[in-house]
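# Commentary on secondary and tertiary structure
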Amino acid sequence: MIYLHKFLPLVASPLFFALIAILVGTYLKSKKISLFGLLVLIICSLPIISDKLIFFLEKDYYSQNISNVSKADAIVVLSGMISTVETNGKISYEFGGAVDRILSGIDLFKEDKAPFLILTNGKLPWSLGIPEGEYLKKFSIKFGIPENRILLTDNVQNTDQEAKSVKKLLKINDASIILVTSAFHMARAKKVFEARNIKVSPFAVDFRNYAKKITIIDFVPSSNSLSDTSFFIREMMGRLYYAL
């Protein structure tokens, strides 16, 4: 099932659609179909378009001051911030842009917002090395979090499995958590955890919609913008899947 989850967004991506349209247009000798595919590719590559789409994903959340966060039964930090690097047969780990997830989780714990820090053991079938939660546990201990206050979920592959495993760890009805994840992912994650009868206080981080002025560059196609548009489609498909 996890392979299907990863494959479908690729098929629905603007790049795949544009390539298919161009190939079909070439095969049928139809310039209109080929040009339509090219037009889709160009529009989806415009920063002015991709920025609006990312804004839509994050519009319901904002950067919060930790002092304003209410206390809960646990702080839950979702996986998705570690990359593995293999050099001479040895595995090492590097943080990606979502490193704010674990840093914010640590800060929330140090501010006494919850007695436990729950880390999810994200591990996909093709992943190398230890589950992400195990690495993050060691990282958190280095930052002064007591080991007996860190809980790890089972190995999980998606948000639904994360919520199910966290529910099992909490062991109480009507448990409350401070959920820490990237802003674009929060809407979907919040609904999934609430479906498990867990009270969620969202703490969104890793915002992608940056404050900036519109310039001529925003109307020049770029690969980064195409990636952001594809990312938007993938996230919306995820939201639809969990809504169903």
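Refer to the preceding data block for the structure.
Our next topic: the overall build of the protein chain. Within the protein chain, the secondary structure is distributed over 9 helices and 7 strands. In terms of its C-alpha atoms, the protein chain occupies a principal-axis envelope of roughly 65 × 45 × 40 Å. Split into buried and exposed, the 244 residues of the protein chain put 41% on the buried side. Counting only contacts in the protein chain whose residues sit at least 6 apart along the sequence, the fraction spanning at least 24 positions is 71%. When the accessible area of the protein chain is evaluated, it comes to approximately 14000 Å², of which 60% is carbon and sulfur surface. For the protein chain, the distance from the average site of its 30 positive side-chain charges to the average site of its 22 negative ones is 5 Å.

Although it is not a glycine, Asp174 adopts a positive phi angle of roughly 55°. Here Asp174 is to be found in the loop between helix H7 (159-170) and strand E6 (176-182). Relative accessible area serves as the criterion here: at 52%, Asp174 is assigned to the exposed category. Although it is not a glycine, Asp206 sits at a positive phi angle of roughly 55°. As for its position among the elements, Asp206 is in the loop between strand E7 (199-205) and helix H9 (223-243). We classify Asp206 as buried; its relative accessible area is 13%.

Quick look at the layout of surface pockets now. Which parts of space are left empty comes out when a probe the size of a water molecule is rolled across the atoms. Approximately 490 Å³ is the volume found for the second largest pocket. Every residue lining the second largest pocket is counted, 20 residues in all, and those nearest its centre are Pro47, Asp51, Arg208, Asn209 and Lys212. Elements represented by at least two residues in the lining of the second largest pocket include exactly helix H4 (47-58) and H9. At 7 residues, H4 tops the list of elements feeding residues into the lining of the second largest pocket.

Conventions adopted
Residues numbered from 1 in each chain as written. Predicted model: local features only at pLDDT ≥ 70, side-chain atom pairs only at ≥ 80, totals over all residues. Heavy atoms only, no water. Helix = DSSP H or I, 4+ residues; strand = E, 2+ residues; numbered from the N terminus. Buried < 20%, exposed > 50% of the residue type's maximum accessible area, 1.4 Å probe, protein only. Contact = heavy atoms within 4.5 Å. Areas by Shrake-Rupley, 256 points an atom, 1.4 Å probe, with all protein chains shown as cover. Lys, Arg positive; Asp, Glu negative; His and termini not counted. Charge placed at Lys NZ, Arg CZ, Asp CG, Glu CD. 1 Å grid on protein atoms, 1.4 Å probe; cavity = no way out; pocket = protein on both sides within 12 Å on 5 of 7 lines; lining within 4 Å. Points joined across faces, edges and corners; volume = space filled by probe spheres on them.

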